[in-house]
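Remarks on the overall topology
Chain residues, written in single-letter form:
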Amino acid sequence: MTAEASWAIDVAGLNKSFGDKHVVQDFSIQVAEGRICGFLGPNGSGKTTTLRMLCGLLTPDSGSGTCLGFDIIGQSEQIKRQTGYMTQRFSLYEDLTIAENLEFTARVYGLDRRAERVDRAIARLGLSNRRDQLAGSLSGGWKQRLALASATLHEPKLLLLDEPTAGVDPKARRDFWDEIHDLAGQGLTVLVSTHYMDEAERCHEIAYISYGKLIARGTAQDVVKGSHLVTFHGEGPEVGKLAHELQGKPGVETVAPFGAAVHVSGTDRRALEAAIAPWRKAPYRWSEVEPTLEDVFIQLMGQAEDNFA
Ligand SMILES: Nc1ncnc2c1ncn2[C@@H]1O[C@H](COP(=O)(O)OP(=O)(O)OP(=O)(O)O)[C@@H](O)[C@H]1O
Ligand SMILES: [Mg+2]
């Protein structure tokens, strides 16, 4: 095994344009085997395009690298065989039953022991008594779990999941994530795009992309630390009005009401403290808090807009 083989994903300098739109720019990432890497970024930032390049569905305009040790340009067939990809939209057949969907996937992959694999997947899902139910009649959460079962039927080593839990309720999302951690525990590497902060925090590491560029990388803690963001939490009457007044003040980069409190963040501590100074008295109560991932991402989005302009 070569040294790089411990990277399930190891790509550098990926670029992709659609017409004159440069949607992925010099994208480089390494993800070690068995890790769960969260892929975050605003709508249209290039997450889906990147996932498609990694599994060989889309050819990059330039750049190189490997997935599972195979070249992403020349060996995409090998990559596809060992990769499970869950697309952003439900991609199974709503008018086939649970069992039929899985059998169909098994045939497409040309798998051996098809009946056994399908039975095992259904048992693992806990859907043995509903195997003949139409997939279209499942709840959103169950549909996504079925899609995950389908994407892992061929026992891939790499899972690329594109917003797998969008629109799914919290309990079902938790079950889904427990399953992802189970799979990673068995050695699968997972790259999963999401817009949910709680999910970002359940990843071993995260990558944040904006306008096609990777702008933050590391554990959630690293990313929060690397932002150098200072956040104050203020409580008091009419925080909505307070938030409105603080908006746009020098030093205030983001401000957001949270129930009966307001979160004010900025990277220039002195300017931020000066901005909130007029309200730093009764009846308001202020405390400095650790910024949340959401505070950090909102700030990153604001910065990226400035750069783009
Ligand atoms: N086949 C295509 N042809 C033309 N433009 C495309 C194509 N695919 C994607 N784009 C554009 O590329 C940009 C990046 O899209 P992409 O789907 O990768 O973003 P995303 O980060 O997955 O967004 P979302 O969070 O909304 O899913 C968008 O502006 C999109 O309109
Ligand atoms: Mg997408």
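Whatever comes next refers back to the structure up there.
As the structure is a prediction and not an experimental result, all values here were calculated from the model.

**Some details on the site of ligand 1**
Ligand 1 sits among 14 residues. The nearest are Gly44, Lys47, Thr48, Thr49 and Gln88. A distance of 3.1 Å separates an oxygen atom of ligand 1 from a polar atom in the backbone of serine 45. Contact with the protein chains hides 64% of the accessible area of ligand 1, taken as 640 Å² for the molecule alone. Where the shell around ligand 1 is concerned, the elements lending two or more residues are strand S2 (21-32) and helix H1 (47-54). The biggest single contributor to the shell around ligand 1 is H1, with three residues. Grouping the amino acids of the shell around ligand 1 by side-chain chemistry returns three nonpolar, eight polar and three charged.

**Let's talk about the pairing of strand S3 (residues 36-40)**
Buried residues dominate S3, accounting for five of its five residues. Here S3 shows no split at all, with Ile36, Gly38 and Leu40 on one side and Cys37 and Phe39 on the other all buried. When S3 meets strand S8 (residues 189-193), the two strands line up parallel, connected through four bridges. When the sheet's bridge partners are listed, isoleucine 36 is paired in S8 with valine 190. The pairing of S3 with strand S9 (residues 205-210) spans four bridges and is classified as parallel. Considered in S9, the bridge of glycine 38 is made with isoleucine 206.

**Notes on the coordination of the magnesium ion (ligand 2)**
In the first shell of the magnesium ion (ligand 2), the protein supplies Thr48 (OG1) and Gln88 (OE1), at 2.0 to 2.3 Å from the metal. With threonine 48 in helix H1 and glutamine 88 in the loop between strand S6 (83-86) and helix H3 (98-108), this residue pair connects regions lying 40 residues apart in the sequence. Classification of threonine 48 as partly exposed rests on a relative accessible area of 25%.

**Describing a negative patch on the surface**
On the surface, a cluster of negative charge is contributed by Asp95, Glu100, Glu103 and Asp132. Tracing the backbone through its elements, the reader meets aspartate 95 in the loop between S6 and H3.

**Section: the packing of H3 against helix H4 (residues 114-125)**
Between H3 and H4, whose axes approach to 9 Å, the crossing angle comes to 135°. Relative to H4, the element H3 is oriented oblique. Between H3 and H4 lies a crossing of right-handed hand. Of H4, the residues touching H3 (which contributes Ile98, Ala99, Leu102, Glu103, Ala106 and Arg107) are Arg114, Val118, Ala121 and Ile122. For the contact of H3 with H4, a count of residues per class yields seven nonpolar, no polar and three charged.

So, how was this worked out
Residues numbered from 1 in each chain as written. Chains lettered and ligands numbered in written order. Predicted model: local features only at pLDDT ≥ 70, side-chain atom pairs only at ≥ 80, totals over all residues. Heavy atoms only, no water. Near = heavy atom within 4 Å. Polar contact = N/O pair within 3.5 Å; in protein donor to acceptor, adjacent residues only side chain to side chain. Areas by Shrake-Rupley, 256 points an atom, 1.4 Å probe, with all protein chains shown as cover. Helix = DSSP H or I, 4+ residues; strand = E, 2+ residues; numbered from the N terminus. Nonpolar A, V, L, I, M, F, W, Y, C, P; charged D, E, K, R; others polar. Buried < 20%, exposed > 50% of the residue type's maximum accessible area, 1.4 Å probe, protein only. Pairing = 2+ DSSP bridges. Donors = N, O, S within 2.8 Å, 3.2 Å for Na, K, Ca; no water. Patch = residues over 30% accessible without salt bridge, like charges linked within 9 Å, V, L, I, M, F, W, Y side chains within 5 Å. Salt bridge = Lys/Arg side-chain N within 4 Å of Asp/Glu carboxyl O. Lys, Arg positive; Asp, Glu negative; His and termini not counted. Charge placed at Lys NZ, Arg CZ, Asp CG, Glu CD. Axes fitted to C-alpha atoms, helices over the stretch in contact; angles between N-to-C directions. Parallel < 35°, antiparallel > 145°, perpendicular 65-115°, else oblique. Left-handed = near helix turned anticlockwise from the far one by under 90°. Contact = heavy atoms within 4.5 Å.

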